[in-house]
Amino acid sequence: MSNTDFVLAVEDLTVSFDGFKAVDSLTMYIDKNELRVLVGPNGAGKTTVLDLICGKTKSTAGSIKFKNTELTKLSEHEIVRSGVGRKFQNPSIYENLTVYQNLEVSYPKGRGVFGSLTFKRTQEVEDRVRKVAADIMLTEFLEMESALLSHGQKQWLEIGMLLMQEPELLMLDEPVAGMSAKERDQTADLLNRICQNRSVIVIEHDMEFVKKIAHKVTVLHQGKILAEGPMEKVQADEKVIEVYLGH
Amino acid sequence: MFEIENLQVSYGQSQVIHGLNFKANKNETLAIMGRNGMGKTTLFKSLMGILPSKASKATVDGVDLQGSATHERVMKGLAYVPQGRWIFPNMTVQENIETGLEKSASGEIPDDIFALFPVLHEMRKRKGGNLSGGQQQQLAIARALVTNPKVLLLDEPTEGIQPSIIKDIAKVLNEIRKMREITIIVSEQVLSFTMEVADRIIVIDKGRFIHEDTRDNVDAAKVKSYLSV
Amino acid sequence: MTLWEKMKASPVLGGKEGVIGLAALAALIFVVLPLGVDIFRLNLIGKYLTYAFVAVGLVMLWGHGGILSLGQGIFFGLGGYAMAMFLKLEASDPETTKIQSTPGIPDFMDWNQLTALPWFWEPFKSLPFTLIAVLTVPAIFAYIIGYAMFKRRVGGVYFSIITQAIALILSILIVGQQGYTGGVNGMTDLRTMLGWDIRTDSAKYILYYVNGLLLFGAIFLSKYIMSSKFGMLLLAMRDKEERVRFSGYDVSNFKIFIFCLAAMMSAVGGAMFTLQVGFMSPSFVGIVPSIEMVIFCAVGGRASLIGAVYGTLLVNYGKTVFSETYPELWLFLMGGLFISVVMFFPNGLAGIWDNLATKYGWFKDKADAKKPEVSTSEVEAQAVLTESSTTGAVTSTEAGVKKTSRKKAAASTDQPSAIESNKMRGAEA
Amino acid sequence: MFGYSMADIGNIVVMQGFSGLSMFTVLLLMALGLAIIFGQMGVINMAHGEFMTIGAYTTVMLSKVAATYGFTNYYFLFAILIAFGLAFAVGYVVEYGMIRHLYKRPLDTLLATWGLSLVMQQIFRSTFGAKEVSAELPEWMLGSFKPTPDIDIPINGVFVMALAALVTLGVYMFMYKSRWGLRVRATVQNRTMAGAVGINTAKVDRVTFALGCGIAGIAGAAFTTIASTGPTTGTLYIVDSFMVVVFGGAASIVGTIASAFGIAQAQSILQFFMTSSMGKVSTLLAIVTILMMKPEGLFASKLRK
Amino acid sequence: ADYPTAKVNTTGLAVTDSTVKVGILHSATGTMAISETGSIQAEKLAIEQINAMGGILGRKIEIIQEDGASDWPTFAEKAKKLLEKDKVAAVMGCWTSASRKAALPVFEKDNGLLFYPTFYEGLEQSKNVFYTGQEATQQILAGLDWIAKEKKAKTFYLIGSDYIWPRTSMKIARKHIEQHLHGTVVGEEYIALGDTQFGSVINKIKLKKPDVIYAAVVGGSNVAWFKQLNAAGLNSSKQTMLTISVTEDEVLGIGGENLAGFYSAMKYFQSQDNEANKKFVEAFKKRWGEKSVIGDVTQAAYLGPWLYKAAVERAGSFDVDKVQAALPGYTFKDAPEGPVTVEANHHLTTKLRIGQWGKDGQAKVVYTSDYIKPDPFPKGYQ
Ligand SMILES: Nc1ncnc2c1ncn2[C@@H]1O[C@H](COP(=O)(O)OP(=O)(O)OP(=O)(O)O)[C@@H](O)[C@H]1O
Ligand SMILES: Nc1ncnc2c1ncn2[C@@H]1O[C@H](COP(=O)(O)OP(=O)(O)OP(=O)(O)O)[C@@H](O)[C@H]1O
Ligand SMILES: NC(N)=O
Ligand SMILES: [Mg+2]
Ligand SMILES: [Mg+2]
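Keep in mind it's a predicted model, so treat the numbers as computed, not measured.

### Considerations on the sheet that holds strand 5 (residues 63-64) of chain B
Residues and elements named next belong to chain B. Across the sheet, four strands lie side by side as 2-1-4-5; this open sheet has antiparallel pairing. Of all the strands in the sheet, just strand 2 (14-24) and strand 5 have a single pairing partner and so form its edges. Relative to strand 2, strand 1 (residues 2-11) runs antiparallel, the two sharing eight bridges. What sits directly across from Val9, in strand 2, is Ile17. Here helix 1 (residues 40-47) sits on the sheet in contact with strand 1 and strand 2, set at roughly 115 degrees to strand 1.

### Let's talk about the packing of aromatic side chains
Residues and elements named next belong to chain D. Considering all chains together, one arrives at 64 aromatic pairs over all chains under this definition. Consider the rings of Phe51 and Phe209, whose centres lie 6.4 Å apart with planes at 85 degrees: the pair is edge-to-face. Of this pair, Phe51 sits in helix 2 (residues 48-69) while Phe209 sits in helix 8 (residues 201-223), and the two are 158 residues apart along the sequence. Phe209 shares its class with Phe51; the two are buried.

### Concerning the nonpolar core
Counting 417 residues, the largest nonpolar core has Leu103(A), Phe2(B), Leu43(B), Val309(C) and Trp225(E) as its most contacted members. With 46 residues, the next largest nonpolar core counts Leu101(B), Val146(B), Val186(B) and Val203(B) among its residues.

### Topic: the site of ligand 2
Residues and elements named next belong to chain B. Residues in contact with ligand 2 amount to 13 residues; listed here are only the nearest, Asn36, Gly37, Thr41, Thr42 and Glu156. Interatomic distance of 2.6 Å between a side-chain N/O atom of Thr41 and an oxygen atom of ligand 2. Residue Glu156 places a side-chain N or O atom 2.7 Å away from an oxygen atom belonging to ligand 2. Relative to its unbound accessible surface of 630 Å², ligand 2 loses 61% to contact with the protein. Among the elements that line the shell around ligand 2, the one with the most residues is helix 1, at three residues. Looking at the shell around ligand 2, its residues break down into three nonpolar, seven polar and three charged.

### A few points about the UniProt feature "transmembrane region" (unreviewed entry) in chain C
Sites flagged by UniProt as "transmembrane region" (unreviewed entry) map to residues 20-40, 52-78, 127-150, 157-180, 206-235, 256-281, 293-317 and 329-353 of chain C. Annotated as 96% helix and 0% strand, the span residues 157-180 of chain C places its first and last C-alpha atoms 33 Å apart.

### A few points about the UniProt feature "domain: ABC transporter" (unreviewed entry) in chain B
In the UniProt entry, the feature "domain: ABC transporter" (unreviewed entry) is given for residues 2-227 of chain B. Secondary structure within residues 2-227 of chain B divides into 34% helix and 27% strand; the distance between the first and last C-alpha atoms comes to 26 Å.

### A few points about the interface of chain D and chain E
Each partner contributes residues to the interface: chain D has 34 residues there, and chain E has 37 residues. Joining chain D to chain E, the criterion identifies ten residue pairs in polar contact (both at pLDDT 80 or more). Only helix 1 (6-40) and helix 10 (253-273) of chain D provide two or more residues apiece to the side of chain D that touches chain E. Residue contributions to the side of chain D that touches chain E peak at six residues, all from helix 1 of chain D. Considered class by class, the residues forming the side of chain D that touches chain E number 14 nonpolar, 13 polar and seven charged.

### Things to note about the environment of Phe280(E)
Residue and element names in this part refer to chain E. Note on placement: Phe280 falls in helix 10 (residues 275-288). For the pair formed by Phe280 and Ile294, sequence separation is 14 residues and the distance between their alpha carbons is 9.5 Å. Look past the residues within four positions of Phe280 in its chain and what remains in contact with it is Leu45, Tyr268, Ile294, Gln299, Tyr302 and Pro336.

Cut-off values and rules
- For every chain, the first residue of the written sequence is number 1, and numbering continues from 1 along that sequence.
- Each chain gets a letter, beginning with A, and each ligand a number, beginning with 1, in the order they are written.
- Per-residue local features of the predicted model are confined to residues with pLDDT of at least 70, and side-chain atom pairs are confined, for both listing and counting, to 80 or more; whole-chain, interface and lining totals are unaffected and use all residues.
- Note that water and hydrogens are dropped before the side-chain values are worked out from all heavy atoms of the structure.
- When DSSP locates at least two bridges between a pair of strands, those strands are taken to pair.
- Secondary structure elements follow DSSP: runs of H or I of four or more residues count as helices, runs of E of two or more count as strands, with numbering from the N terminus.
- Contacts were defined at the residue level, with two residues in contact if any of their heavy atoms lie within 4.5 Å.
- A fitted line through C-alpha atoms serves as each axis, taken over the contacting stretch for helices, and the angle formed by two N-to-C directions is quoted from 0 to 180°.
- The pairing test for Phe, Tyr and Trp rings, Trp by its six-membered ring, is centres within 6.5 Å, and the orientation test on the planes gives stacked under 30 degrees, edge-to-face over 60, and tilted for anything in between.
- Here's how the labels work: a residue is buried when its accessible area is under 20% of the maximum for its type, exposed when over 50%, partly exposed in between, all with a 1.4 Å probe on protein chains only.
- Working definition of a nonpolar core: buried Ala, Val, Leu, Ile, Met, Phe, Trp, Tyr and Cys residues. They are joined through side-chain atoms within 4.5 Å.
- Being near a molecule or strand, for a residue, means having at least one of its heavy atoms within 4 Å of it.
- Residues adjacent in sequence count toward polar contacts only when both atoms are side-chain atoms; beyond that, a polar contact is any pair of N or O atoms within 3.5 Å, and within protein one must be able to donate a hydrogen and the other to accept it.
- In this description, accessible areas are obtained by the Shrake-Rupley approach with a 1.4 Å probe, and a residue is regarded as covered only by the protein chains that are shown.
- Side-chain classes follow a simple rule in which Ala, Val, Leu, Ile, Met, Phe, Trp, Tyr, Cys and Pro form the nonpolar group, Asp, Glu, Lys and Arg form the charged group, and the remainder, Gly included, forms the polar group.
- UniProt positions are given in the numbering used here, feature names are shortened, and annotations may be inferred rather than shown by experiment.

Listed below in structure tokens is the structure:
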């Protein structure tokens, strides 16, 4: 509707599956450089919200504006190209390719058919790959076939693939699920580092982890916002405890 | 009594489980803890007969499991909640649970299941594949429980589950154990949950057990250090 | 080495896809066969090699892209028919056809009461137009099909079955519109191209070589594409389409492109078929030939360009020889071949070669060739296969050896030595 | 209208409707088996038509035996049972020897079963000869039944319809109302997990595949009432059957019925108004177009990916 | 010794001092096998009989059989193989016109010799082919004349398989009906080869109520056609039908009960009563089994080897050019159908017969024409 300073403005977003409203008139704004965490009971609609933003699911009603462009009308790759990156819950990388190649494929050049036929590995590409690899702590593994990475490393690699695209909005669905305690800490550091010049939305159930990263927390419940605010406030919210955290 | 001696599992050339031994009693909950890729899932799959394995002994209440196919092991009392849940996506919640009724004479889902998981009753007509992750986890546990197992294997049951339900699952596991005289083996990476359910904690590392504690005197610092190398 | 790296590997030293492999194939096609067999057989082999165009296209489309088209006969046919229309017009000059009620039109039109050449036949009087049509008509057709299907994300088995249906539609149409197409008979009795008699032995030799060169052109082009970023993306799409899409690629465009390219290659094959064999018929358009072409590719090894050529030659040669020698048995043999390739050699001839090369260490770059080239799910299937046969096979010998340490472990797994060694390994990582 | 009397047109509408129905029954019987094998199990069984041929030859042979021993009047009922049994048995063996190794490679089942279909065709040819043979129908199945003097409803068609209805009901009960159906569906959706809830998946696979083949055998018996049987008879309906299953939405039995009905009626009506080949082309084109718009088929169940 | 190989074989055919290779090229498999099997049997029988009499010019005939598999391109490929690789001196083969059209360029280019046994549409005359069946005027026109006169037929429904022979035959038939018989064609319909769905066509026929159905459905489809016709109540008591494609071979598959009362226009029926035929039927049954039957094309196929023998002997050579020049003008007196003469246009002068089918699968000949000279390019029908 209105022009905003927000990177992402979700307004009155609704989606229903056979009459069941998984997301119900949701309104939510994300600031520049903000790291927002979405929490909420299983089935609250968190993943669905990300699906809607990145175009995987089409909304029934409402609008999603990213830097004042309407996303609901764009197709997935157009949304990506406009600057939105999405990480899936299970690590989604090309197991047949090396770490280097995984990152290279994600480099935002040669994205068209003919561009890809003439794509050359330039110094610029090389530099970017190395920089990102350093960020995600995989410099030593660049030539390894990515199938051989540990689970945590795969998660990082996928984040790295998104970083290659220099997205302005990064969305991560349960990035530390299945990670060891140490990897969780490292991932928290990683996220704190990379949100310096972009906005990040993270879905997570691990409250310890959320504490470490969240600027602001949004609690979803039955497709609606139940509470929103800084971690301490949300954690203390009686309704949140009731439906989500438990006594 | 669930007994395993010298279990070995390999994927092709590479051996992943190196001669594991353990015994678990009735009414005992055993937690297998370990970082990613240390072999927890592999261990469970081999116990279920999904992966081929070698062992010098594998018995449930003295009944030999070796040479049995997966479904025969279920008949002998094993039940499995896999990591990733493996819900039958095109079947309704109710049908998903019913698949676990192979042994049951009546073919009816016992009422106590829905008592444990009210959300499943509410969603019993919905397709399993459309549930959220947490809902699916509950469904997977329910499906395993209706087989009336002697040994229940749960592979990282808290992965992706909201905090309150993690607590619920812990309660449920404790309750089940009381109700049913059952051995529970659960794999985990998170100590807090384990502490609520396990009588004994074993740490697995690269396919070997490297540490064992009973709940009452857990060396939390040490376990944590193993888990976060 | 990953499949893509294999394609990309600089083809200097050798290996199946490298210079040595290509040179061996070139020697076979350009030297050994022409010297070794008479012109009748060579012409047959030339005919088989026209199918190899389709198989090479399928290697890209199916082997690398995971898109199984059961309608490649459509494009083979379109290319073949375009060429046949030109040749048929040339063979139907008023002098040769003066016996007809309407001289100067193809004989089958006359039999079907047509009294004038249909408009869409007119341009096929021109060879340049025909050559352009051979490439563009199938490409446009493929573009339309591909656009409609890939934009709507029709994939997997559905794509296969729909392409099959389209092949059926086209062959019924050709058979049903006899006046315009020659019907079930096809276009027969093609004689000359710009006055050059294509039926002579010398013409057959020339056409054979032209065909061979074009085929190598197709292989080189495919090799280039497969080793570019495009090739990498194709593999990526086959295994993780969603991820590619969310990396900002319009997946459908890539699929459409490769589908069109495979279609054009098939069409070139079809046109060369018409030239070498002297007729075109709906038997090369429908479902059966389309499936057979997939089988040529599978027998060769679905991911190997050169394998596809060998596969095509082998199956067709087998078919000819068997059906001559054991007319009663040849279907058994062909059927048996397909079944055994799928069941025992999922990577076809290329896979067999890889295994041999690995076993005997023929080429360095084959060192890791043991890893099957089929997609991950297929690897799993093999794992499952071995599982089911080995589950429960208990060897107690090893168990005995470790008995002492086991007892300790049962009491408490706190085995210092084990923990130490594990810590050390952890440190390494 | 068109120079025909209203009565004529009325009669034709009735008979035309019926002509579509008879095609519908054969298609349906073929497609039902395929809906199980392909729709449920994901096996692209290109040899499905040959299982139909098994049923057809069984019926033909039995008709010869019946003619010799004089039980022509009721051999057909036995034929249906034996056709089912034989096709079931062959399917059972094929699953064991071949299909079970290919469950994770669906596209490869297409190639392997194509090979199988060639082998089976040659077996038929070597056993029964290349010539087409046909079954002698019992007296009571011949001719037509006349509700009015101008309407002829083929008796064998009515019989085959009843048979198809029975089989459909049976399949429906089996898949959705029986313990076996539950096992089958669990197995095809996740074989490993099905094993881990106690289902003997190997047995389920074998019986399910064999059942699909058995139903194709019944289709074969029904087929003999309208045409002759040769080694390649099976290839006649294979593509149509796949189209029916895909069009209906692979995993849906209701979809299969609706789509068999739709396709048969559309084709039959179009063939009435156009030439036979254009009728077929138009039907196929319509299916392809609709499938492009709705790739999961008419009655597909929606699932998140 | 009278005929040294060097003299009788100057073009490099597969003729030795003691043998001559002859090809047989028919569909042993596929939808046409129902019809072509009989041709193969007849040709083999004739060749065996010829060999038993000492062969041709003292040379035993060696058969090389290839399967065209009901697939026209395969016919072309196999023809090429027989001529170029095996160098056979002659080929007995092809059944459908489609297969002949596919193979014809090969015979013309390699200057081979084909004996083609099937009734066909005409509009063709190749120096490399002898047509031992009848062309259109000998079957179609005479047959229509008879039915128009005998049954007072005015309205005709034309139906055939979808390939060149039925289409061209119907084109000729339509002209004849409209221009010479002053009748009308109320429908024309083609069904794909091997198709088995006739429901809609039958309903169209019912709506049009033609005096005569004029049918040229070939191969396996025939069974479906007649079964469904019968089931729809259109049996011979209600509907007159003249077919130009049903012979005893097809009847075996269709079943006499589905066909009883309908007519076929052929030049030969197994029931024909003459000495030559009695001997032929007896030999055939002895060779191929009591249950085997003989149709029109089977008989015409039987003529092939005999005509070839006569031609070679008249030419005193196996050279194709000499053989083909020597045959015209020859009358084969012992043909089962009765004496036939080879004309200069490579077709036979023969008679048309109308047979009415009985439940036993045999036809009663109800009409025999005079000799009809072949005219493959009839004026006014093209
Ligand atoms: N395609 C669909 N059809 C029907 N229901 C759906 C569909 N997709 C999602 N749902 C329902 O929408 C609700 C929200 O699902 P979603 O996956 O967004 O939850 P979530 O918040 O991500 O949960 P979790 O924390 O467990 O991952 C759930 O109840 C789910 O069953
Ligand atoms: N199919 C496979 N083929 C080869 N190696 C495998 C396969 N599956 C697992 N592995 C390897 O076996 C080891 C143990 O894996 P496993 O999945 O059992 O670990 P885990 O303890 O369950 O880890 P997580 O916490 O991530 O679930 C890992 O090193 C893994 O890479
Ligand atoms: N000549 C024929 N009947 O095709
Ligand atoms: Mg979620
Ligand atoms: Mg695990």
